[in-house]
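Reading the structure
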Amino acid sequence: MVKLEGVASEQAPIVNILSRLTRSLHKQGIKSTLFKFYMLIVDHWFDVRYGTDTSGMMPLDRLTLRSPKKYGRYQATKIVPLKRLFSHIRPIIPPGSVLVDFGCGKGRVLMIASGYGFREVRGVEYAHKLCSVAIDNCNRYKLATKVTTEFRIIGSDAGEYIINPDENIFFLFNPFGKTILMKVLKNINKSLEQRPRKALLIYNTPRFDDMIVNESTFVRTEELNLLGYHLVVYSNMDHPRTGGVRADAAQN
Ligand SMILES: C[S@@+](CC[C@H](N)C(=O)[O-])C[C@H]1O[C@@H](n2cnc3c(N)ncnc32)[C@H](O)[C@@H]1O
């Protein structure tokens, strides 16, 4: 299995989990902590089940990049909120849709999305080593699940990526700052102008929500709040709201 060479995790996974649990118990209490623990188990079980490697955090300054710019770190979106969101928006995802994850990391979003009827899922990632891991993960997942969705990993800076006319569902987990986000939005806008189509933009942890609202034709349509995990869906479709997904584990 392809692993990230020379990039050891900060801590052994079990030590990492235990120290996060202790911190969470202090800060958030037992109910929230148990739910967070459940989400961690789901993520780890996914990797065990499919022989993939999607968990962990990785500072980008320790990776070789296809771009001189470095922003943030690799950290995957949690599977539980992802599945809740995709289940909810499935009715408004047009048939034959193609999803693009800007900053796909190890490809977890692509693998989960493939269970929701996408024709193809594409990941754009500028860290060479994460691209290799994503390719390996997606191959393993496809083999194990026999899912018919096509997977593609594109080694590129998201700001330089030219949007294809068949791409209509765009995913971001807070991968970059305002400059690159502006380039990505401009590229999406241009593509939607040249080839008008229904499109959704999903933004996990929407730090620059104002930019999406002000610099694109997208409007907020759905929102998921799950114990600090905040995902927003923006749409350019004429049937904006389906009611919104709102869940808070503390009330479940
Ligand atoms: C927080 S991780 C999200 C991973 C994945 N999208 C998910 O939600 O599970 C952000 C990823 O974006 C990548 N990234 C950051 N800036 C980028 C850029 N300008 N072009 C392409 N990828 C970028 C990082 O290498 C990292 O893998």
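Bear in mind that the values here come from a model prediction, so they are computed numbers and not experimental data.

Once that is clear, we can look at the overall build of the protein chain. If you tally the helices and strands in the protein chain, you get six helices and nine strands. Expressed as a percentage of contacts within the protein chain between residues at least 6 apart in sequence, the contacts between residues at least 24 apart total 67%.

This brings us to the nonpolar core. Phe 170, Phe 171 and Leu 201 are the most contacted members of the largest nonpolar core, which totals 60 residues. With residues near it in sequence (within four places) discarded, Phe 170 still touches Val 100, Phe 102, Ile 188, Ala 199 and Leu 201.

At Lys 146, a residue that is not glycine, the phi angle is positive and equals roughly 60°. Tracing the sequence through the fold places Lys 146 in the loop between α4 (128-145) and β5 (150-155). One non-glycine residue, Thr 205, lies in the positive phi region at around 55°. By secondary structure assignment, the location of Thr 205 is in the loop between β7 (200-204) and α6 (209-215). With 15 C-beta atoms counted inside 10 Å, the residue Thr 205 sits in the partly exposed group.

What follows is about α4. Helix length check: α4 (18 residues) gives 26 Å between terminal C-alpha atoms against 26 Å at 1.5 Å per residue, within 8%. Of the residues making up α4, those classed as buried are Lys 129, Leu 130, Cys 131, Val 133, Ala 134, Asn 137, Cys 138 and Tyr 141. Of the residues flanking the end of α4, it is Lys 146, one or two places downstream, whose phi is positive at about 60°.

A few words on the confidence of the model for the protein chain. Here the protein chain shows a mean pLDDT of 86. Residues at 70 or above account for 84%. Note that residues 1-10 has pLDDT below 50 and, in this model, 15 contacts with residues that lie over four places away or in other chains.

All right, on to the pairing of strand β4 (residues 120-125) then. With respect to burial, β4 is a largely interior element, five of its six residues being buried. Across five bridges, the pairing between strand β3 (residues 98-102) and β4 is parallel. Counted as the bridge partner of Leu 99 is Val 121 from β4. Bridge count between β4 and β5: six bridges; the pairing is parallel. Residue pairing in the sheet places Val 124 in a bridge with Ile 154 of β5. With respect to chirality, the unit in which β4 leads through α4 into the neighbouring parallel β5 is right-handed.

Around the ligand, a shell composed of 29 residues is seen, among which Ala 76, Gly 103, Gly 105, Phe 173 and Pro 175 lie nearest. Elements supplying a minimum of two residues to the shell around the ligand: β2 (73-75), α3 (108-113) and β4. For the shell around the ligand, the residue count by class is 15 nonpolar, nine polar and five charged.

Once that is clear, we can look at the pairing of strand β9 (residues 229-235). Across the seven residues that make up β9, a large majority, six, are buried. Strand direction decides the pairing type here: β7 and β9, joined by five bridges, are antiparallel. From the neighbouring strand, Leu 201 faces β9, where its bridge partner is Tyr 234. Inspection of the sheet shows strand β8 (residues 219-226) paired to β9 by seven bridges, in the antiparallel sense. From the neighbouring strand, Leu 224 faces β9, where its bridge partner is Leu 231.

Pairing in this open sheet of seven strands is mixed, and the strands run β5-β4-β3-β6-β7-β9-β8 from one edge to the other. The open sheet terminates on both sides in strands that have one partner only, identified here as β5 and β8. Adjacent strand axes in the sheet meet at a mean angle of 15°, parallel and antiparallel pairs treated alike. Relative to the sheet, helix α2 (residues 79-89) contacts β7, β8 and β9, its axis offset from that of β8 by approximately 140°. Along the sheet face, α4 touches β4 and β5 and points at about 175° away from the line of β5.

Looking at the secondary structure, you find Cys 138 in helix α4. Residue classification places Cys 138 among the buried residues on the basis of 26 C-beta atoms within 10 Å. With sequence-adjacent residues up to four places away left out, Cys 138 is seen in contact with Gly 107, Leu 110, Met 111, Phe 151 and Ile 153.

Rules behind the numbers
Residues numbered from 1 in each chain as written. Predicted model: local features only at pLDDT ≥ 70, side-chain atom pairs only at ≥ 80, totals over all residues. Helix = DSSP H or I, 4+ residues; strand = E, 2+ residues; numbered from the N terminus. Contact = placed C-beta atoms within 7 Å. Core = buried A, V, L, I, M, F, W, Y, C linked by C-beta atoms within 7 Å. Buried ≥ 20, exposed ≤ 12 C-beta atoms within 10 Å, placed from the backbone. Expected span 1.5 Å × (residues − 1). pLDDT = per-residue confidence, 0-100. Pairing = 2+ DSSP bridges. Right-handed = clockwise from strand over helix to strand, strands pointing away. Near = placed C-beta within 6 Å. Nonpolar A, V, L, I, M, F, W, Y, C, P; charged D, E, K, R; others polar. Axes fitted to C-alpha atoms, helices over the stretch in contact; angles between N-to-C directions.

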